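Fold and geometry: a report
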Amino acid sequence: MAAPSDNATLLKTPLHGLHVELGARMVPFAGYSMPVQYPAGLMAEHRHTREAAGLFDISHMGQLRLSGPDAAAAFESLMPVDVIDLPVGKQRYGLLLNDAGGILDDLMFFREGDDSLFVIVNGACKVDDIAHITAKIGARCAVQPLPDHALLALQGPQAAALLSALSPGIERFVFMTGGNVKIGGIDAFATRSGYTGEDGFEISVAAADAEALARLLLAQPAVKPIGLGARNSLRLEAGLCLYGSDIDTTTTPVEASLNWAMQKVRRAGGARAGDFPGAEKVLAQLAVASTGAAGTTDHKTLTRKRVGLVALERVPVRDGSPLESFEGHPIGQVTSGLLGPTADRPVAMGYVATAFSAPGTRIQAIVRGKPVPMEVTTMPFVPTRYFRG
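Since the structure is predicted, the reported quantities are computational estimates derived from the model, not experimental observations. (Residues numbered from 1 in each chain as written. Predicted model: local features only at pLDDT ≥ 70, side-chain atom pairs only at ≥ 80, totals over all residues. Heavy atoms only, no water.)

What follows deals with the overall build of the protein. The secondary structure content of the protein amounts to eight helices and 20 strands. The C-alpha radius of gyration of the protein comes to 21 Å, within 12% of the 21 Å expected for a compact globule of 389 residues. Judged by the C-alpha coordinates and their principal axes, the protein covers about 60 × 50 × 45 Å. Put simply, the protein has 389 residues, and 56% of those count as buried. In the protein, 66% of the contacts between residues at least 6 apart in sequence involve partners at least 24 apart. For the protein, the accessible area works out to roughly 15900 Å², and carbon and sulfur atoms hold 54% of it. Both charge centroids of the protein, one from 35 positive and one from 38 negative side chains, sit 4 Å from each other. (Helix = DSSP H or I, 4+ residues; strand = E, 2+ residues; numbered from the N terminus. Rg over C-alpha atoms; globule rule 2.2 N^0.38 Å. Buried < 20%, exposed > 50% of the residue type's maximum accessible area, 1.4 Å probe, protein only. Contact = heavy atoms within 4.5 Å. Areas by Shrake-Rupley, 256 points an atom, 1.4 Å probe, with all protein chains shown as cover. Lys, Arg positive; Asp, Glu negative; His and termini not counted. Charge placed at Lys NZ, Arg CZ, Asp CG, Glu CD.)

So, in structure tokens, the structure goes:
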């Protein structure tokens, strides 16, 4: 996921100067120079987001618009999700797949109108994503990258109240809805969503207005700048995947436990079942996953699953740590892990053989050559607080 370390090659977001002014420690990420933390530190930033409101610069991510009468149907042909039936004004999580059912990227898309979709993709993938989308459906709809736009996220329990004071009416949005707004007189597009498990908003704004908007938000006493470090700990506690770590082209949506993202209309028996890359494999795995307990799973079709893990000792278990049965047999690997600041215990995600994927199953991680007992658990590790009305 990280970009080359040669700082001369790194791109800068429109807020780069502000980050430096605020004392951020900048690191290479997704080809950009990005703030990993500010002087208060990761733990303080994490807790502040949980208690008040944190402002994140996510302008490294890709923004694009798909337009035309066939845009929704065309986009749906690339993913195992329902695009056609998504109502205007609502947002949904999506998964671009390759022909083997592997995940090229995970993304968010918003139905702007009958003939228009607004799409946000991961920063490290955006060049390839736009090329892929253009090659596959560029003849069916217009594919318009939006490189002149920045993206900010305001997350935390005070986010709605703070924004509504600057943008009256924005508090009426509920989770995964949005629209065009003015924030302190600045034109923007906002959705009530985010990557922290907290209530909050993601705000697309012209790059030329990004710093003014950020300063306006940071002028509110309850708002503090938050870096990539706390963004990572917050999303892990929420049980959310990081592309390139927890999901990639070698994992299918079913292996990644993202079955919830594939609506019934695209599954076997649905009105528009299949007709997406890798459908045969993904639908076969879905059929196996629906049989119930891990012990009855067809291991030839579905050999592994992403699970939540908690360490039974106070030892952080980092990504890359091997996972074993208590008999010492290799069964998987941790993909994300840390000592959760809010959970107050070591939490992790990883892939395990399906026979070990049921909640309550005890396994062990190998940390610096020593076994650490772990238990498979449901996610999120910290209850989410999305506003659903």
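This paragraph deals with the pattern of salt bridges. Using the criterion set out here, one finds 18 salt bridges in the structure. For the salt bridge of R192 with D199, the shortest nitrogen-to-oxygen distance reads 2.7 Å. Relative accessible area serves as the criterion here: at 10%, D199 is assigned to the buried category. Residues D344 and R314 are paired through a salt bridge, measuring 2.7 Å at the closest nitrogen-oxygen approach. Taken together, the residues D344 in the loop between β17 (330-340) and β18 (345-353) and R314 in the loop between β15 (304-311) and β16 (322-324) connect sequence positions 30 residues apart. Sharing partners across several salt bridges, the network here consists of E76, D82, D85, R92, R266 and R272. (Salt bridge = Lys/Arg side-chain N within 4 Å of Asp/Glu carboxyl O.)

With that out of the way, let us pick up helix α6 (residues 207-218). Look at α6: 17 Å from first C-alpha to last across 12 residues, which is about the 16 Å you get at 1.5 Å a residue. Every buried residue of α6 is listed here: A210, L213, A214 and L217. Looking straight down α6, one finds that the buried residues subtend no more than 100° of arc, so they occupy a single side. (Expected span 1.5 Å × (residues − 1). Arc of directions from axis to C-beta.)

Quick look at helix α8 (residues 279-289) now. By the burial criterion, the buried members of α8 are A279, V282, Q285, L286 and V288. Those residues of α8 that are buried are in contact with β6 (91-97).

Time to look at the side chain of S204. Within the element layout of this structure, S204 appears in strand β13 (residues 200-206). With a relative accessible area of 5%, S204 lands in the buried category. A distance of 2.5 Å separates the side chain of S204 from the side chain of Q63, its partner in a polar contact. When sequence neighbours within four positions are dropped, the list of residues in contact with S204 reads Q63, F118, H149, A150, L151, A188 and F189. (Polar contact = N/O pair within 3.5 Å; in protein donor to acceptor, adjacent residues only side chain to side chain.)

The next point concerns the packing of aromatic side chains. Overall, the coordinates contain five aromatic pairs when judged by the stated rule. On the basis of an interplanar angle of 90° and a centroid distance of 5.7 Å, the ring pair of F75 and F109 is categorised as edge-to-face. Of this pair, F75 sits in helix α3 (residues 71-76) while F109 sits in strand β7 (residues 103-113), and the two are 34 residues apart along the sequence. The exposure class assigned to F75 is buried, which follows from its relative accessible area of 0%. Measuring from ring centre to ring centre gives 5.3 Å for Y93 and W260, while their planes differ by 25°; the resulting arrangement is stacked. (Phe/Tyr/Trp six-rings, centres within 6.5 Å; stacked < 30°, edge-to-face > 60°.)

Bringing the sheet that holds strand β3 (residues 32-37) into the picture now. Here we have three strands laid out as an open sheet, ordered β1-β3-β2, and mixed in their pairing. In the strand order of this sheet, the two ends are held by β1 (11-12) and β2 (25-29), each with one partner. Packed onto the sheet, helix α7 (residues 228-237) meets β2 and β3 and runs at close to 70° relative to β3. (Pairing = 2+ DSSP bridges. Axes fitted to C-alpha atoms, helices over the stretch in contact; angles between N-to-C directions.)

Bringing the sheet that holds strand β20 (residues 370-377) into the picture now. Adjacent strands of a sheet form backbone hydrogen bonds with each other and so pair up, either parallel or antiparallel. Within the closed barrel, the six strands sit side by side as β15-β18-β17-β16-β19-β20. Their pairing is antiparallel. Across the sheet, the mean angle separating the axes of adjacent strands is 40° when strand polarity is ignored. Pairing geometry for β17 and β18, over eight bridges, is antiparallel. When the bridges of β18 are listed, L338 appears paired with V347. Its contacts with the sheet put α7 on β17 and β18, and the angle it makes with β17 is roughly 120°.

All right, on to the packing of helix α2 (residues 42-51) against α7 then. Where α2 meets α7, the axes come as close as 8 Å, and the angle between the chain directions of the two elements is 55°. Taken together, the axes of α2 and α7 lie oblique to each other. You can see that α2 and α7 cross each other, and the crossing is right-handed. Contact residues: L42, E45, H46, T49 and R50 in α2; G229, A230, S233, L234 and E237 in α7. (Parallel < 35°, antiparallel > 145°, perpendicular 65-115°, else oblique. Left-handed = near helix turned anticlockwise from the far one by under 90°.)

Let us look at the pairing of strand β11 (residues 178-183). For β11 and strand β12 (residues 186-191), the ladder comprises six bridges, and the chain directions are antiparallel. Among the inter-strand pairings, K182 is bridged to a residue of β12, identified as D187. Counted along the chain from β11 to the antiparallel partner β12, the turn is two residues long, and its residue G184 has a positive phi close to 60°.

Counted according to the given criterion, the structure contains zero disulfides. With no disulfide of its own, C141 lies 20 Å from the sulfur of C125, the closest cysteine sulfur. C241 takes part in no disulfide bond, and the closest cysteine sulfur, belonging to C125, lies 13 Å away. Look at C241 and you get buried, because its relative accessible area is 6%. (Disulfide = S-S within 2.5 Å.)

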